[in-house]
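Residues per chain are reported as follows:
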Amino acid sequence: NQVPPTICGLPLKYVSLVTLAVQNAALSIVMHYSRVSTPPHLAYSPASAVLLNELLKGSISFFIALSHSQVLTDLNSTRQRKTTLGSISLWMTAFWDIWGEILSPDCWKLSIPAILYVIQNSLQFVAISNLPVATFQVTYQMKILTTAAFSVALLRKKLTGTKWLALLFLAIGVGIVQIQSATGAGIKQAIPKAANAIGSAQEYHYHVMNPLKGFGAVTAACFTSGLAGVYFEMVLKGSKADLWVRNVQLSLFSLIPALLPILYAPAPINSKGFILDIFRNFGGWAWATVAIQVFGGLITAVVIKYSDNILKGFATSLSIVLSFLASVVLFDFHITFSFIVGASTVLAATWMYNQPERPASPPPLFVLSS
Ligand code: C5P
């Protein structure tokens, strides 16, 4: 029996789930603020952020895959007897060994989720720029619905009546949140109190949100999330390849669709060269957004490995509560009755969907005779 991995004495499974919930909440808030706090001509390019995300995530995954290499495990066990030159040679062997695994003949399978994730990550920028943080978070829960649909269609998963009912509640809850946003109650331009304190609240007024565009983007992102997730699951379960090697393959294939919009974008009037152009207007908030996204991608991988998708759903619903509370404190988010009803329905549906299935009733232990 393998001992479950721990971090600082705590089970990695639960640490990764709580971290994912905090990461989800932090990403919505930081990404939203990074987009709406600057006038359009000073905004950073979301396409560059998506590219940077893949470059960083792929590099980190590569080093993790390298550190897991069997060749290096052998090096550790014989470290005392190895010379410096011998160690370097083993590192090089491990390096080429990992590249061999990455460029395995079945690596093309990752091209489909890679393209879908790039589209999803780009749509996320459109959605978060046009919806209040809490509304975005709740509406994005529709991905549970799309994930279920694709799981049934592609993985032939069977869903119980309770789960289908939970999905129906989810759709109703998301609908209620949409109604209150469409009436404009929640789309009021918010002024972040935190930004006020640092004197940049004026900048927040430059951005005008378009809720219809936001909902369109979030709906499309839910479809790509469901399809990409189920496809990634199919690839992972269909082979024994290391999760981190799969992550590198995913990032490598993402580079092509992530680069295309950058290469075809018109050069700015005061061009400063390709690299400086694509990272134009990258300030602290943009870097923070990319860092949280990279961290999220890595944590998602850990959650898939040490936990499961059911618990991942719980972590995401917890993140709604976190980001909602943060929106009230940091941004002037208006709590409306319909938001509370809609958000509560979504949370209740998420809870219902994640209930363990009742096993077939066991035979009675004792038969009472009169
Ligand atoms: O919301 P959802 O769970 O679909 O988001 C998945 C996110 O995690 C995407 O941004 C995707 O790029 C990232 N991801 C990753 N590595 C994986 C799976 C997902 O970076 N193996």
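Our structure's up above, just so we're on the same page.
Residues numbered from 1 in each chain as written. Predicted model: local features only at pLDDT ≥ 70, side-chain atom pairs only at ≥ 80, totals over all residues. Heavy atoms only, no water.

Engineer: Can you walk me through the packing of aromatic side chains in this structure?
Structural biologist: The way to describe two aromatic rings as a pair is by their centre distance and the angle between their planes. Within the structure shown, the criterion is met by 11 aromatic pairs. Each ring, one from F282 and one from W287, has its centre 5.4 Å from the other, and the planes form 65°; the classification is edge-to-face. The buried category is assigned to F282, whose relative accessible area is 12%. In textbook terms, an aromatic cluster arises when at least three aromatic residues are bridged by ring pairs, as seen for Y44, F125, F279, F282 and W287. Seen from the ring of Y44, R35 lies directly overhead, with NZ or CZ sitting 4.7 Å from the centre. K163 extends its terminal NZ or CZ atom over the ring of Y353, reaching a point 5.0 Å from the ring centre. (Phe/Tyr/Trp six-rings, centres within 6.5 Å; stacked < 30°, edge-to-face > 60°. Buried < 20%, exposed > 50% of the residue type's maximum accessible area, 1.4 Å probe, protein only. Lys NZ or Arg CZ within 6 Å of the ring centre and 35° of its normal.)

Engineer: Can you help me understand the site of the ligand in this one?
Structural biologist: Near the ligand lie 13 residues; those nearest to it are K57, N121, K143, S225 and N247. Here an oxygen atom of the ligand sits 2.7 Å away from a polar atom, N or O, in the side chain of N121. Coverage of the ligand by the protein amounts to 89% of the 470 Å² it exposes when considered alone. Counting only elements with at least two residues in the shell around the ligand, the list comes to helix 5 (111-130), helix 10 (211-237), helix 11 (243-263) and helix 13 (284-306). Counting residues per element, the shell around the ligand draws most heavily on helix 5, which supplies 3 residues. Looking at the shell around the ligand, its residues break down into 4 nonpolar, 6 polar and 3 charged. (Near = heavy atom within 4 Å. Polar contact = N/O pair within 3.5 Å; in protein donor to acceptor, adjacent residues only side chain to side chain. Areas by Shrake-Rupley, 256 points an atom, 1.4 Å probe, with all protein chains shown as cover. Helix = DSSP H or I, 4+ residues; strand = E, 2+ residues; numbered from the N terminus. Nonpolar A, V, L, I, M, F, W, Y, C, P; charged D, E, K, R; others polar.)

Engineer: Would you take a moment to explain helix 15 (residues 337-353) for this structure?
Structural biologist: Count 3.6 residues to each turn of an α-helix, and residues three or four apart come out pointing the same way. In a regular helix each residue adds 1.5 Å, so 17 residues correspond to 24 Å; helix 15 covers 24 Å between its end C-alpha atoms and thus fits that length. Those residues of helix 15 not exposed but buried are F339, G342, A343, T345, V346, A349, T350, M352 and Y353. (Expected span 1.5 Å × (residues − 1).)

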